[in-house]
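Coordinate inspection notes
Listed below are the residues making up each chain.
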Amino acid sequence: MSAYKLHLPETDDWVIYLYHMTLLAVVSGMRIGERTCLADSGRKYHNFSAAANDYYVNGNYVSLMRNQWLEELDGLEEQSWEKYQKFPGTNPAYHREMEKNYPKFRSILDSLAQDIKAYEVVRMNQYGGDDTLWYFVKASDYFYLMSLNDRM
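The model shown is predicted, which means the values in this text are computed figures rather than measured ones.

Definitions and cut-offs
Residues numbered from 1 in each chain as written. Predicted model: local features only at pLDDT ≥ 70, side-chain atom pairs only at ≥ 80, totals over all residues. Heavy atoms only, no water. Helix = DSSP H or I, 4+ residues; strand = E, 2+ residues; numbered from the N terminus. Buried < 20%, exposed > 50% of the residue type's maximum accessible area, 1.4 Å probe, protein only. Contact = heavy atoms within 4.5 Å. Phe/Tyr/Trp six-rings, centres within 6.5 Å; stacked < 30°, edge-to-face > 60°.

**Considering the environment of Glu-77**
- Among the secondary structure elements, Glu-77 is positioned in helix 4 (residues 66-86).
- Look at Glu-77 and you get buried, because its relative accessible area is 13%.
- In sequence terms Glu-77 and Arg-106 are 29 residues apart; their C-alpha atoms lie 7.7 Å from each other.
- Aside from chain neighbours lying at most four places away, what touches Glu-77 is Tyr-102, Phe-105, Arg-106 and Leu-109.

**Re the packing of aromatic side chains**
- Tallied over the full model, the rule gives three aromatic pairs.
- An angle of 65 degrees between the planes, with centres 6.3 Å apart, marks the rings of Trp-69 and Tyr-135 as edge-to-face. You can see Trp-69 sitting in helix 4 and its partner Tyr-135 sitting in strand 4 (residues 133-138), a full 66 residues away along the chain.
- On the accessibility criterion, Trp-69 (0% relative accessible area) is buried.
- Assessed through its relative accessible area of 0%, Tyr-135 is described here as buried.
- Measuring from centroid to centroid gives 4.8 Å for Trp-81 and Tyr-102, while their planes differ by 75 degrees, and the two rings are edge-to-face.

What follows is the structure in structure tokens.
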């Protein structure tokens, strides 16, 4: 999970703002080689279409009420935990990390529920296995950009 808390833009052009912030979120999680490849492609084709692949290919954005969004996040956490419990991996280091990370994830979700009094929440795509799920959340003073995935 990645969550970014951003100041609201001073411009009315939200489309450009969302493109820039999404690109920033995507590249921040990339290794240097991936960033270089994306930058080279962007210079060559004059765009960064790879950055928005998850939510534009899958589409189906949905506006959510704050409580719907929080319930959805809780459900995704529960679904992920159940998936992890069935995972037959034999790597003890991986299991130790997961045992530490799920409580951290729960803590982040609890913090979001306390801190964000959202006016608008949009889920940009449907969850489907290894896809990254994107949320845009507009609160009174900030804009939150969240991405979630459950890859093992």
